[in-house]
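Survey of secondary and tertiary structure
Residue strings, one per chain:
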Amino acid sequence: MKKWMGLSGLAVILATAAHADTNHDVFGTYLTQAQTSTVTIEDCGDGSPCGRVSWIDPNAMEPGQTPDTALTKAGEPVLGLLMLQGFDKRRNDWRGGTIYDPENDKTYASRLKRLDDGRLQVKGCIGPICQTQVWDPAPEALQASAATD
């Protein structure tokens, strides 16, 4: 009986560890909550996630603008913009990073976590107050489009 209890305890520990690893696998291309752009999250080179704007819906642009000419308020091109960076791996998520909002030229503290259903939970915070968005994995056609831009 003790051997059985030890094995079941080990199974719970392994399942918990596997779940934590899933939460940290935030890499991929996601359609933002507004569904007007995608962000591709890749390794920054140190194992932490960095996210860049990889596609902008041309139908969401101001008249006369194209995804290639869209600029932040600071004058930087939006396409290719590094908007997620500086994260530290924590027990169940990534924290300590920042998210840049190109629409209002502001940077916020941020947290990232992959949900069990494959979507990405993105939090932008000012002090203890956070706003949460959930980003869906981008459809394959948008991922292919983002890769060729």
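Quick summary incoming for the structure in this document. (Residues numbered from 1 in each chain as written. Predicted model: local features only at pLDDT ≥ 70, side-chain atom pairs only at ≥ 80, totals over all residues. Heavy atoms only, no water.)

Our next topic: the overall build of the protein chain. If you tally the helices and strands in the protein chain, you get two helices and nine strands. Sequence-ordered secondary structure for the protein chain, helices as α and strands as β, is α-β-β-β-β-β-β-β-β-β-α. Looking at the protein chain as a whole, 33% of its 149 residues are labelled buried. At a minimum sequence separation of 6, the contacts of the protein chain that also span at least 24 residues come to 41%. (Helix = DSSP H or I, 4+ residues; strand = E, 2+ residues; numbered from the N terminus. Buried < 20%, exposed > 50% of the residue type's maximum accessible area, 1.4 Å probe, protein only. Contact = heavy atoms within 4.5 Å.)

Let us look at the layout of surface pockets. The calculated volume of the largest pocket comes to roughly 950 Å³. Taken together, 33 residues form the lining of the largest pocket, with Ser-37, Met-83, Asp-101, Pro-102 and Glu-103 sitting closest to its centre. (1 Å grid on protein atoms, 1.4 Å probe; cavity = no way out; pocket = protein on both sides within 12 Å on 5 of 7 lines; lining within 4 Å. Points joined across faces, edges and corners; volume = space filled by probe spheres on them.)

One finds Ile-41, Met-83, Leu-84, Ile-99, Leu-112, Leu-120 and Trp-135 to be the most contacted residues of the largest nonpolar core, which totals 21 residues. Secondary structure elements with two or more residues in this core: strand 2 (37-43), strand 3 (49-56), strand 4 (82-85), strand 6 (94-101), strand 7 (106-114) and strand 8 (120-126). Tallying contributions element by element places strand 6 first for this core, with three residues. Apart from the residues lying within four places of it in its own chain, the contact partners of Trp-135 are Tyr-30, Leu-31, Thr-32, Gln-33, Val-39, Met-83, Leu-84, Ile-99, Arg-119, Leu-120 and Val-122. (Core = buried A, V, L, I, M, F, W, Y, C linked by side-chain atoms within 4.5 Å.)

A cluster of acidic residues, Glu-42, Asp-43, Asp-46 and Asp-88, forms a negative patch at the surface. Along the chain, Glu-42 falls in strand 2. (Patch = residues over 30% accessible without salt bridge, like charges linked within 9 Å, V, L, I, M, F, W, Y side chains within 5 Å. Areas by Shrake-Rupley, 256 points an atom, 1.4 Å probe, with all protein chains shown as cover. Salt bridge = Lys/Arg side-chain N within 4 Å of Asp/Glu carboxyl O. Lys, Arg positive; Asp, Glu negative; His and termini not counted. Charge placed at Lys NZ, Arg CZ, Asp CG, Glu CD.)

Another aspect to go through is unusual backbone geometry. In this structure, Gln-35 takes a positive phi of about 60° despite not being glycine. You can see Gln-35 is positioned in the loop between strand 1 (28-31) and strand 2. On the basis of relative accessibility, which here comes to 46%, the residue Gln-35 falls in the partly exposed class. Its identity as a non-glycine residue notwithstanding, Asp-105 has a phi of 55°, on the positive side. In this structure, Asp-105 sits in the loop between strand 6 and strand 7.

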